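So the chains spell out like this:
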Amino acid sequence: MTPAQPTEPVDAPRRTDPAQRHQRAAAARTGGAWTRLVALGAFVCLAFGGGARALANPALIPLPAQVHYADGWLVLRQGLPIVVPADAPAQLTTAAEVLRDELRQRAGVAAVLARDLPPEGGAIVLALGDTPGTASLESYTLRIGRNAELRAPSARGVLWGAQTLLQSIEAHQDGEALRHGMIVDWPVRPWRALLLDPARSFLSLDFLCRTIRVMSAYKLNVLHLHLTDDQGWRFQCLAFPKCTPAGQPFYSQDELRALVAYAARYGVDIVPEFDFPGHSRAAIAAYPQLGCDGQVRGVDDSILCCGTPFTLQFIDAVVTESAAVFTSPYVHLGADEPFALRRWADCPACRARMKEKGVTTLQALYHTFVLDMDTIVRRHGRRMIVWNDAFHPGVEPAPSKDIVIDAWHDYSNADQFARAGYTLINSSTGPLYLTSFGLRGGLPLSAVRAWDARRFADPDPKGGARIVTYRDLSPQAQLLGGQACAWATEQGLVERWLYPRLLSIADSLWAEGRAEDLASFEARLHPAHDRLLRKLGVYADETLASETLFDGRDMAPWIEVGSAGFVVEHGALVAPTAGPARGWLRTRKSWGSFILTFERWSPEVKDPTGVFVGCTPTQTSGSVPDGRQISATPPAGFLATRSLHPARRWNRYALVVRGDIVTLTINGRLAWSVAEPLPVGAIGLAGADGVRFRAIELRPLSEKTFP
């Protein structure tokens, strides 16, 4: 295997999969009017690859397999019937209901479910049946003429066809309309996933629902929820309730069941992740007997003891309750980054376990532990997924082929599993980590566009990288697909990092081998999908009215407390560099939930930011404000990240108070996120030693309650 070229330039032609040429030929051989029109479309319009560039509208993401447009329009009238057969399964009716709801919300068209086709036409007709040219259950055929006829072998396929229909709606002189023609479409990869990380920074249920709706619009079908880590445990475990201590945010089992049902309605499966045995500080803090020595250690220095039966009893209880909440056939148990594995060597119980298992190295002992977890998972009728660094190829005992390997880094490791024929998910850090501690905001769209599920970064990219060098994974792999990952980011920032790169990943996973280059993708992306994302509620925080607290000119929104503590110089609030203690500023207004953004310059790297929140709105004395002082230093149990706020430069801070969740990001990178109820109050600002502030802005927040 030879290394692929770096991602830039990215305008090289994409590879065409011979299997897709076979599928086209099979479609052409199949009889019937539907298939003849499909075959015509393969020659006329966007079919595969470059033909799509001639198509101005509609701009579809993911790119369909075969498309043909003809003269004529189907106008979508108010009262539009969506016809579902009387004997249709419940899942088909659910797909029809989603289509009805989305037509109203995205196009302003009021539709109704009906059983009979109106004689005058003008209806959307849903039916179950085969799609020519493919055996995929997620495939569909959409024919638009006198009616819009949508047929698929499964309700999931009907839903994906409905999403294509929704993207195909255009403004017409007589109202919202669909062009006459036909689309035949199917996915190349069955696993088209997004990982979200509420363990580090809690994500509201409303945010998760909004994200699920966006995923469905772009035919992403798996939401991977990273529910436990060192910093937090977000799954309500009834057998071990101390995992979710009072005051800490988590999802109740009833809330998660409702979320699973909501996701299923939109064609998305939720796969939970419980990260064992590393990344376990939160669990050990709740139940110290899970650790080898009963001590609660720091981030990346905590690991479950493999020698005590209590550990496997704990994992069994978690998997048992998870299986009663999540309907996915998979459960992810992490098993990555066992940084503290060395602790097993000093633990008598772990050494006894090593002897019992008949192994002589810590790595082999680790394999036996992961295989014990697999036994638990299989006993509950699920299939286990682990990250690829859970196993070292060549170390016995080897993992079962039933275990799914989620490959995130180390091409050599991932490709050895591929060559051995394991089932793989491609989560390569380059470029699929759209946010992370190491890569911050990830890599540019050009790097994402050069990726598909067959390609893996080699070497792993570093922070600040702009390009990725890829190598192909062995074709021996049972490659399910790929997964974008958004780690450790406040939910408002998540959306700014996810899009549009997530849409490119969705396009690549659905249309691998026929997806287009960067320029053609961007031509489809803008402006149609900028508008669609807004309609789906993305960037909701940014639509809120903002209040300017300092615009570079005066301190009108503030009250000075004590003697003058700041002066305005060159568009900044500047604190004195020397002299006796000075006063500070307090806002004239009070807030509860908000996003406060500001830029700060200091001569030294000092953790206190000079910002205080939840201040008494009438405080008129004292050396500092009486509210909660915001510091860049993470609280105990959170990851300490260096160089977030280098000295002698302007750094960008965002402080988010979202209900009881308080989160600080610096230069777009998560500093910490904690549960801390703060009183409604004013904001205070203090400074010394020449510290400067500018561009201070606040957006009041109001979160809905799910469901």
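Student: Help me understand the pattern of salt bridges, please; the structure alone is not making it clear to me.
Tutor: Think of it this way: side chains of opposite charge can pair up when their charged atoms draw near. One pass over the structure, following the stated rule, counts 39 salt bridges. Note that R210 is salt-bridged to E495, the shortest N-O span being 2.9 Å. Residue R210 is found in helix α5 (residues 205–217), and its partner E495 is found in helix α15 (residues 491–498); the two are separated by 285 residues along the sequence. Salt bridges here are not isolated pairs; linked through shared partners, they connect R189, D452, R454 and E512.

Student: In this structure, what is going on with the pairing of strand β8 (residues 175–185)? I would like to understand it.
Tutor: The two faces of the sheet receive side chains in turn, since in a regular strand these alternate between them. Among the eleven residues in β8, eight count as buried, and that is most of the element. Sheet analysis places strand β1 (residues 66–75) next to β8, joined by seven bridges and oriented antiparallel. Residue pairing for β8: H68 is matched across the bridge by M182. In sequence, strand β7 (residues 170–172) turns back onto β8 through a hairpin of two residues.

Student: Just to check I follow, could you spell out the sheet that holds strand β27 (residues 628–631) for this structure?
Tutor: What links the strands of a sheet is backbone hydrogen bonding, and the strands pair in either a parallel or an antiparallel sense. Spatial strand order, β21-β24-β31-β26-β27: five strands in an open sheet with antiparallel pairing. Two strands lie at the open edges of the sheet, namely β21 (558–561) and β27, each paired on one side alone. For this sheet, the mean inter-axis angle between neighbouring strands, taken without regard to orientation, is 30°. Sheet topology note: the strand β24 (residues 584–587)/strand β31 (residues 682–685) ladder contains two bridges and is antiparallel. Among the inter-strand pairings, L585 is bridged to a residue of β31, identified as L685.

Student: Is there a simple way to explain the packing of helix α16 (residues 501–510) against helix α17 (residues 518–525) in this structure?
Tutor: Closest axis-to-axis distance for the α16/α17 pair is 11 Å, and the angle between their directions is 115°. In terms of orientation, α16 and α17 fall into the roughly perpendicular class. α16 and α17 meet at a crossing whose hand is right-handed. For the pair α16 and α17, the contacting residues are L503, S504 and D507 in the first and F521, R524 and L525 in the second. The residue makeup of the contact of α16 with α17, split by class, is three nonpolar, one polar and two charged.

Student: Which parts of the structure should I look at to understand the packing of helix α10 (residues 348–357) against helix α11 (residues 362–379)?
Tutor: A pair of packed helices is characterised by two quantities: the angle between their axes and the separation of those axes. Packing of α10 against α11 leaves a shortest axis separation of 10 Å and a crossing angle of 80°. Viewed along their axes, α10 and α11 adopt a mutual orientation that is roughly perpendicular. Contacts from C350, R353, M354 and K357 of α10 reach α11 at L362, L365, T368 and D372.

Student: Which parts of the structure should I look at to understand the packing of aromatic side chains?
Tutor: Centre distance and the angle of the planes are the two values used to describe a pair of aromatic rings. What the rule picks out here adds up to 24 aromatic pairs. With a centroid separation of 5.7 Å and 75° between ring planes, the pair formed by F240 and F310 is classed as edge-to-face. Of this pair, F240 sits in the loop between β10 (222–226) and α6 (253–265) while F310 sits in helix α8 (residues 309–325), and the two are 70 residues apart along the sequence. For the pair shown, F240 and F310 are each scored as buried. Judged by centre distance (6.5 Å) and plane angle (50°), the rings of Y287 and F314 are tilted. With a gap of 27 residues between them, Y287 in the loop between α7 (281–286) and α8 and F314 in helix α8 connect regions that are remote in the sequence.

Student: Any chance you could explain the confidence of the model for the protein here in plain terms?
Tutor: Parts of the model with low pLDDT should not have their predicted coordinates read in detail. Within the protein, residue pLDDT values average 90, and 91% of them lie at 70 or more. Low confidence marks residues 1–55, where pLDDT is under 50. Its contacts with residues over four positions away, or in another chain, come to 110 contacts.

Student: Whenever I open this one, helix α3 (residues 90–107) confuses me. Can you help?
Tutor: Since one α-helical turn is 3.6 residues long, residues separated by three or four positions face the same way. The end-to-end C-alpha distance of α3 is 25 Å, a good match for the 26 Å that 18 residues give at a rise of 1.5 Å each. Along α3, the residues that are buried comprise L92, T93, A95, A96, V98, L99, D101, E102, L103, R106 and A107. Note on α3: the residue one or two positions beyond its end, G108, has a positive phi of about 70°.

Parameters at a glance
- Residues numbered from 1 in each chain as written.
- Predicted model: local features only at pLDDT ≥ 70, side-chain atom pairs only at ≥ 80, totals over all residues.
- Heavy atoms only, no water.
- Salt bridge = Lys/Arg side-chain N within 4 Å of Asp/Glu carboxyl O.
- Helix = DSSP H or I, 4+ residues; strand = E, 2+ residues; numbered from the N terminus.
- Buried < 20%, exposed > 50% of the residue type's maximum accessible area, 1.4 Å probe, protein only.
- Pairing = 2+ DSSP bridges.
- Axes fitted to C-alpha atoms, helices over the stretch in contact; angles between N-to-C directions.
- Parallel < 35°, antiparallel > 145°, perpendicular 65-115°, else oblique.
- Left-handed = near helix turned anticlockwise from the far one by under 90°.
- Contact = heavy atoms within 4.5 Å.
- Nonpolar A, V, L, I, M, F, W, Y, C, P; charged D, E, K, R; others polar.
- Phe/Tyr/Trp six-rings, centres within 6.5 Å; stacked < 30°, edge-to-face > 60°.
- pLDDT = per-residue confidence, 0-100.
- Expected span 1.5 Å × (residues − 1).

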